[in-house]
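Remarks on the overall topology
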Amino acid sequence: MSDGKSGVSCGACRELMIWLMPNTYKSAEVLMDYETERTVTLGELTP
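A quick note: this is a predicted structure, and the numbers were derived from the prediction, not measured.

Procedures and definitions
- Residues numbered from 1 in each chain as written.
- Predicted model: local features only at pLDDT ≥ 70, side-chain atom pairs only at ≥ 80, totals over all residues.
- Heavy atoms only, no water.
- Helix = DSSP H or I, 4+ residues; strand = E, 2+ residues; numbered from the N terminus.
- Buried < 20%, exposed > 50% of the residue type's maximum accessible area, 1.4 Å probe, protein only.
- Contact = heavy atoms within 4.5 Å.
- Pairing = 2+ DSSP bridges.
- Core = buried A, V, L, I, M, F, W, Y, C linked by side-chain atoms within 4.5 Å.

**Focus on the overall build of the chain**
A tally of regular secondary structure across the chain gives two helices and two strands. Ordered by position in the sequence, the α and β elements of the chain form the string α-β-β-α. Looking at the chain residue by residue over its 47 residues, the buried ones come to 17%.

**Here's the deal with the environment of Thr39**
Position of Thr39 relative to the elements: it lies in strand E2 (residues 38-41). Judged by relative accessible area, Thr39 falls into the partly exposed class, the value being 37%. It is 9.8 Å that separates the C-alpha atoms of Thr39 and Ala28, two residues lying 11 residues apart in sequence. Setting aside residues up to four positions removed in sequence, Thr39 forms contacts with Glu29, Val30, Leu31 and Met32.

**Describing the pairing of E2**
As judged from the four bridges shared by strand E1 (residues 29-33) and E2, these two strands associate in the antiparallel manner. Within E2, the position partnered with Glu29 by the bridge is Thr41. The turn joining E1 and E2, which pair antiparallel and follow one another in sequence, is formed by four residues; a positive phi near 60° is taken by Glu37.

**Observations regarding the nonpolar core**
Membership of the largest hydrophobic core is limited to six residues, which are Tyr25, Ala28, Val30, Met32, Val40 and Leu42. When near neighbours in sequence (up to four residues on either side) are disregarded, Leu42 contacts Arg14, Met17, Ile18, Tyr25, Lys26, Ala28 and Val30.

**Some points on the side chain of Ser9**
Note that Ser9 resides in the segment before helix H1 (11-20). Excluding anything up to four places from it in sequence, Ser9 contacts Arg14, Met17 and Val30.

The following block contains the structure:
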């Protein structure tokens, strides 16, 4: 059960971001955990 404070974008959302930013998507930051402000890049989440 999610508490809404952490999570990751779904595959469809990631695909859309890649489609919208084909040359720069790898550097886009995704917030993984609101409380700790942990982020990862979209490049880390995609093959």
